[in-house]
Amino acid sequence: MSTMIDGMKRSRGMAAVLAASAISIGAGVVAPAAASAAAALPRYRYIDLGAIGAPSSAAASSEAAGLNNCGTVVGHSTIAGPFSIHAFSWRNGVFRDLGTADSAATAVNEQGVVVGHTHVNFTDPPHAFRHTGGVLTDLGTGYGPGSGSAARDVNDSGVVVGTRFAQQGEPERAVVWKDGRIIDLGTLGGAAGRYGTDGIAYAVNNHGHVVGGASVPEGGLHAFLWTGGALKDLGTLGGTTESTYATGINDRGDVVGASQNTAAQVHAALWRNGTIRDLGTLGGRYSEAKSINEAGQVVGVATIPTTATYDARAFLWQNGRMVDLNTRVPGLPAGVTLYSASDINDRGAITGFACPYDCDSGGFYDRRGFLLVPIS
């Protein structure tokens, strides 16, 4: 199942404490407004989201992928071991199992509509889903039996973006689900061929502008912006291989993602006003931006300067500076590493996954979803 989630995708303390912390996010008591983004780097309260049916001390895993401004977090969690994974939503300290086996939730909008992917029968690959009002709807693929799809984001109008493929092993295609239709976004002139990727749609803003990565004639992927029915190549940091893609966009049109640079390193990137900016790393050779809010705060994952295979940290980029989020959490529990940040809302709250055990050595079954609440 872990392979399915990763492939389709190329993110608890005391109950009273959890509830109080989550409520403060929704009410905006402890969160910075967009106008205060230029202030000093924030500090955060750490919340271990736990796992479905498991206290924070149990060796059960979860990953948080999406977050809205009301404090609802979505992701996936183990139920009874690493091969039983369910999509979840979390709010006010309460885990909610969305009720389907081998599923993952990837995003939630302000109306509480959750999207992701799940198996729909015993034979077909997973399909994209929409979950609202307690009802899960298969968004389909537009193809016949044996086809698959995955939803990656949803905006406040209910427009969903993601990928689909005709058969297992066929190239993925970037698509939009809108008004009961599936719109294929095409490519930037390239074709991945069998076992490759023609395109991936990662995010959509409230203007309906879509970003992702699409194949180019010279091979590989370039980050794209889709508006008005047309794809625009956003360019690269100078690299020539496929490692360029856009993963987030805000309503101002700022785009984030990752691109290979001229040194053949993949770095987090920001596209703004027609220019691309290298956001750097935490001293290592790799970084990836995953989300940007309306204040221009960016979160993601970056490596640090060690030789460990998995030695990465969740980061916040603000006002030209990238910082390790582990250094911004007073009283972070011993042994807990904030490994990757997947989303940041407009109140400055951040979600992602941590490793209470040994993530740097590849212990990914011990991942735990977290929520960081800005301290006023």
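These figures come from a predicted structure and were not determined experimentally.

(A) Up close: the pattern of salt bridges. Applying the stated criterion across every chain, the model contains 10 salt bridges. In this structure, R152 and E172 form a salt bridge, with 4.0 Å as the shortest nitrogen-oxygen distance. Separated by 20 residues along the polypeptide, R152 in strand β10 (residues 148-154) and E172 in the loop between β11 (160-165) and β12 (173-178) bring together distant segments of the chain. Between E288 and K290 there is a salt bridge, with its nearest N and O atoms 3.6 Å apart. Judged by its relative accessible area of 8%, E288 falls in the buried class. Overall, K290 belongs to the buried group, its relative accessible area being 16%. Put simply, R164, R173, D184 and D198 are held in one network by salt bridges that share partners.

(B) Seen up close, the nonpolar core. Y46, L316, L325, L338, I350 and L372 are the most contacted members of the largest nonpolar core, which has 18 residues in total. The set of elements that each furnish at least two residues to this core consists of β1 (44-50), β24 (312-318), β26 (337-344), β27 (350-355) and β28 (368-374). In terms of residue count, the dominant contributor to this core is β26 (three residues). Core analysis: the second largest hydrophobic core is formed by 14 residues, A174, L188, V204 and V210 among them.

(C) Up close: the packing of aromatic side chains. Under the counting rule described, the total for this entry stands at three aromatic pairs. Look at Y202 and Y245: their rings are 6.1 Å apart centre to centre, the planes differ by 40°, and that puts the pair in the tilted class. With Y202 in strand β14 (residues 199-204) and Y245 in strand β18 (residues 244-249), this residue pair connects regions lying 43 residues apart in the sequence. Taken individually, Y202 and Y245 each receive the classification buried, so the pair is uniform in this respect. Seen from their ring centres, Y339 and F353 are 5.3 Å apart, and the 25° between their planes marks the pair as stacked.

(D) Structural context of the sheet that holds strand β2 (residues 62-67). Here we have four strands laid out as an open sheet, ordered β2-β3-β4-β5, and antiparallel in their pairing. Each end of this open sheet is capped by a strand with a single partner; those strands are β2 and β5 (94-101). On average, each strand axis in the sheet is inclined to that of its neighbour by 25°, with strand direction left out of account.

(E) Main features of the sheet that holds strand β25 (residues 321-324). With respect to topology, four strands assemble into an open sheet ordered β22-β23-β24-β25, the strand pairing being antiparallel. At either margin of the open sheet sits one strand with a lone partner, and together these are β22 (287-292) and β25. The sheet shows a mean angle of 30° between the axes of neighbouring strands, taken without regard to direction. Sheet analysis places β24 next to β25, joined by four bridges and oriented antiparallel. When the sheet's bridge partners are listed, F315 is paired in β25 with D324.

(F) Inspection of the pairing of β14 at higher detail. For β14, a buried count of six out of six residues is recorded, marking the element as mostly surrounded by other parts of the structure. When β14 meets strand β15 (residues 210-215), the two strands line up antiparallel, connected through five bridges. Considered in β15, the bridge of A203 is made with V211. Linking β14 to β15, which pair antiparallel, is a turn of five residues; within it G208 sits at a positive phi near 80°.

(G) Spotlight on the pairing of strand β6 (residues 103-108). Judged by how many residues are buried, β6 sits mostly within the fold: six of six residues are covered. As paired strands, β6 and strand β7 (residues 114-118) are joined by five bridges and run antiparallel to one another. Bridging from a neighbouring strand, A105 pairs with G116 of β7. From the end of β6 to the start of β7, which pair antiparallel, there are five residues, and G112 there has a positive phi angle of about 85°.

Criteria and thresholds
- Numbers given for residues are sequential positions, taken from 1 along each chain in its written order.
- Confidence filtering applies because this is a predicted model: local features only for residues at pLDDT of at least 70, side-chain atom pairs given and counted only at 80 or more, and all residues used for totals across whole chains, interfaces and linings.
- The basis for every side-chain value is the complete set of non-hydrogen atoms in the structure, without hydrogens or water.
- Salt bridges, as used here, are contacts in which a Lys or Arg side-chain nitrogen is within 4 Å of a carboxyl oxygen on Asp or Glu.
- Numbering goes from the N terminus for both helices and strands, where a helix is a DSSP run of H or I of at least four residues and a strand is a run of E of at least two.
- Exposure classes here rest on a 1.4 Å probe applied to the protein chains alone. A residue is buried below 20% of its type maximum, exposed above 50%, and partly exposed in between.
- Residues grouped as a nonpolar core are buried Ala, Val, Leu, Ile, Met, Phe, Trp, Tyr and Cys residues, joined through side-chain atoms within 4.5 Å.
- In summary, the pairing rule links any two rings of Phe, Tyr or Trp, Trp by its six-membered ring, whose centres are within 6.5 Å, and it sorts them by plane angle into stacked for under 30 degrees, edge-to-face for over 60 and tilted for everything else.
- Strand pairing requires that DSSP identify at least two bridges connecting the strands.
- Axis definition: a line fitted to C-alpha atoms, limited for helices to the stretch in contact. Angles are taken between N-to-C directions and run from 0 to 180 degrees.

Function cannot be read off these values alone, since they describe shape.
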